[in-house]
Amino acid sequence: MLAADLEAVDQDPDAGEGHYKHVLRAYPLDVPRFAGRTIGDFEAEQKAAGRRLYITRLRRAGEILEHDPGTRIELGDTLAVSAVRGDLVAYDARSHIGVETDDSELLGYRTETLHVVVTGRRRDAARGDRDAARGDRTVRTIGTLRHEEFMPGVFIEGHWRGGADLRVRLDSTGERGDTLVLTGPRHRVDAAAAVRGKPVPTSFATDMVWIALGLFLGGCLGIPALHAAGAPLSLSTSTGALLMGPVFGWIRSKYPTYGNLPSAAQWLMGTLGLCVFVTVVGLNAGLNAGPSFVPGLREAGWPLLLWGTAVTTLPLLAGFLYGHFVQRRHLPILLGALAGAQTTTAALGALTERARSQIPALGTTVPYALGNVLLTMWGSVIVLLRR
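Thresholds applied
- Residues numbered from 1 in each chain as written.
- Predicted model: local features only at pLDDT ≥ 70, side-chain atom pairs only at ≥ 80, totals over all residues.
- Heavy atoms only, no water.
- Helix = DSSP H or I, 4+ residues; strand = E, 2+ residues; numbered from the N terminus.
- Buried < 20%, exposed > 50% of the residue type's maximum accessible area, 1.4 Å probe, protein only.
- Contact = heavy atoms within 4.5 Å.
- Areas by Shrake-Rupley, 256 points an atom, 1.4 Å probe, with all protein chains shown as cover.
- Phe/Tyr/Trp six-rings, centres within 6.5 Å; stacked < 30°, edge-to-face > 60°.
- Arc of directions from axis to C-beta.
- Patch = residues over 30% accessible without salt bridge, like charges linked within 9 Å, V, L, I, M, F, W, Y side chains within 5 Å.
- Salt bridge = Lys/Arg side-chain N within 4 Å of Asp/Glu carboxyl O.
- Pairing = 2+ DSSP bridges.
- Polar contact = N/O pair within 3.5 Å; in protein donor to acceptor, adjacent residues only side chain to side chain.

Trainee: Explain the overall build of the chain here, please?
Mentor: Of regular secondary structure, the chain possesses 15 helices and 11 strands. For the chain, the proportion of its 387 residues judged to be buried stands at 33%. Long-range pairs, those at least 24 residues apart, make up 73% of the contacts in the chain between residues at least 6 apart in sequence. A total accessible area of about 23,700 Å² is found for the chain, and carbon and sulfur atoms account for 61% of it.

Trainee: Whenever I open this one, the packing of aromatic side chains confuses me. Can you help?
Mentor: Each aromatic ring pair is characterised by the separation of its centres together with the angle its planes make. On inspection of all chains with the given rule, the structure shows five aromatic pairs. Aromatic ring contacts, followed pair by pair, group Phe34, Phe42 and Tyr91 into a single cluster.

Trainee: What is the right way to look at helix H2 (residues 39–48) in this model?
Mentor: Residues separated by three or four positions in an α-helix point in the same direction, a consequence of the helix having 3.6 residues per turn. Inspection of H2 places Ile39, Phe42, Glu43 and Gln46 among the buried residues, and these make up the whole buried set. Along the axis of H2, the buried residues cluster in a sector spanning 95°; they form a single face. At its buried positions, H2 is contacted by strand E2 (53–60) and helix H3 (85–91). Directly beyond the C-terminal end of H2, a positive phi value near 80° is found at Gly50.

Trainee: Got a minute to help me understand the environment of Leu374 in this structure?
Mentor: Looking at where Leu374 falls in the secondary structure, it is placed in helix H15 (residues 365–386). Classification of Leu374 by relative accessible area gives exposed; the value is 52%. Between the alpha carbons of Leu374 and Leu235 there is a distance of 9.0 Å; along the sequence they are 139 residues apart.

Trainee: In this structure, what is going on with a nonpolar patch on the surface? I would like to understand it.
Mentor: Judged by side-chain polarity, Leu314, Leu317, Leu321, Tyr322, Phe325 and Val326 come together as a nonpolar surface patch covering roughly 620 Å² of accessible area. Tracing the backbone shows Tyr322 in helix H12 (residues 302–326).

Trainee: Even after reading the chapter, I still don't get the side chain of Thr78, so can you show me in this structure?
Mentor: Secondary-structure assignment places Thr78 in strand E4 (residues 78–84). Relative accessible area serves as the criterion here: at 11%, Thr78 is assigned to the buried category. Apart from residues no more than four positions distant in its own chain, Thr78 is found in contact with Ala26, Tyr27, Pro28, Arg57, Leu58, Arg59, Thr101, Asp103 and Leu106.

Trainee: Teacher, can you tell me more about the pairing of strand E3 (residues 63–66) here?
Mentor: Two faces belong to every sheet, and in a regular strand the side chains alternate between them. Relative to E3, E2 runs antiparallel, the two being bridged by four bridges. Looking across to E3, one finds that Arg60 is bridged to Glu63. The antiparallel pairing of E2 with E3 creates a hairpin that spans two residues between the two strands, and Ala61 there sits at a positive phi of about 55°.

Trainee: I would appreciate a short explanation of the pattern of salt bridges in the present structure.
Mentor: Side chains that carry opposite charge are capable of pairing whenever their charged atoms lie near each other. In the structure shown here, the tally under the stated rule is nine salt bridges. For Arg25, the salt bridge identified is with Glu100, shortest N-O distance 3.4 Å. Taken together, the positions of Arg25 in strand E1 (residues 22–28) and Glu100 in the loop between helix H4 (93–96) and helix H5 (104–107) put the pair 75 residues apart, joining distant regions of the chain. For Glu100, a relative accessible area of 45% gives the class partly exposed. Among the ionic pairs, Arg59 bridges to Asp103, the shortest N-O distance being 2.9 Å. Here Arg59, found in strand E2, pairs with Asp103, found in the loop between H4 and H5; they are 44 residues apart in sequence, far enough to count as distant.

Trainee: For this particular structure, what's the right way to read the side chain of His159?
Mentor: Residue placement: His159 occurs in strand E6 (residues 155–161). A relative accessible area of 0% places His159 in the buried class. Within polar-contact distance, the side chain of His159 engages the side chain of Asp178 at 2.9 Å.

Trainee: How should the pairing of E6 be read in this particular structure?
Mentor: Pairing geometry for E6 and strand E8 (residues 179–185), over five bridges, is antiparallel. Across the sheet, Ile156 pairs through a bridge with Leu182, a residue of E8. As defined by bridge partners, E6 adjoins strand E7 (residues 164–165) across two bridges and the pair is classed as antiparallel. Counterpart to Arg161 in the pairing with E7 is Ala164.

See below:
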């Protein structure tokens, strides 16, 4: 990912975009030449012109009629038109249909924005005939997919692959495991989602089975120990669980139907875990090192404190200079890597809070895992060396 892309990432929940790509408008029909054609004729004409305009429903003599390609449009009807904003502007609905009006009842139907994981199979949910739609594995581009027979009135808002936002490009292919964000009338979105993949409705529930499985497997990985000269060497259960994090995260990126973890739950786990961690470390240091700190300082003198400060600071400074000027690492990722190398969760929390983004965590995972392994094993290695 380019530095410019990383800098563009903004996870501020209060931020948004002022431009809405897909719009819904109401137009009373007062242009005589438009009358007489069917909804299907109008949509076919727009498709041939390369535009995405759909009549989702219409009002006639006070009665609201739902979308039907065979419905013939008459003068005096009020049409609910959903469209890509640029296509609607290019079409100039005022001269072709009529002057826009505000009909809240006509436009007030239920809409839905649904995440759909592409399964690689096309299923004809309406017919329920597996043989008639068996294993359609044709790789389709976004441009061809949006003109399928089940897509009128349904728009593709987003395209994700492996947790990365690919943006919506007409020449991009929807591959197995990708996530497409569909929006439009609820009944049409549900139908389109059932055909192209597996819908994943937004949920605020945390998949605790997924989390428990990751912790269990990580613990099993960290328990076994090797014995060298009587000293046990192991990853420890905490490091094993940490290593399972990237593995289960990768599986989640490939199969987003598993392991739901809402952002609020992530924040609670991260913040609560960090507070408990800092508290335990502080209490442990105070109880164990506190009573001997002053006598040790009197015996060794102030150089002990100064050398301790240098040993802590110089590796960080050297790592920052090497990563920034030699490797040219992006600053948030570099700082996250330094926090991970020091196994300092509090520093990572401060970075992500300051950046209002999880980008620094991308550089933390591997250095943190390696740092924990070395921190766990190096004590035993030093004891062996002293023998």
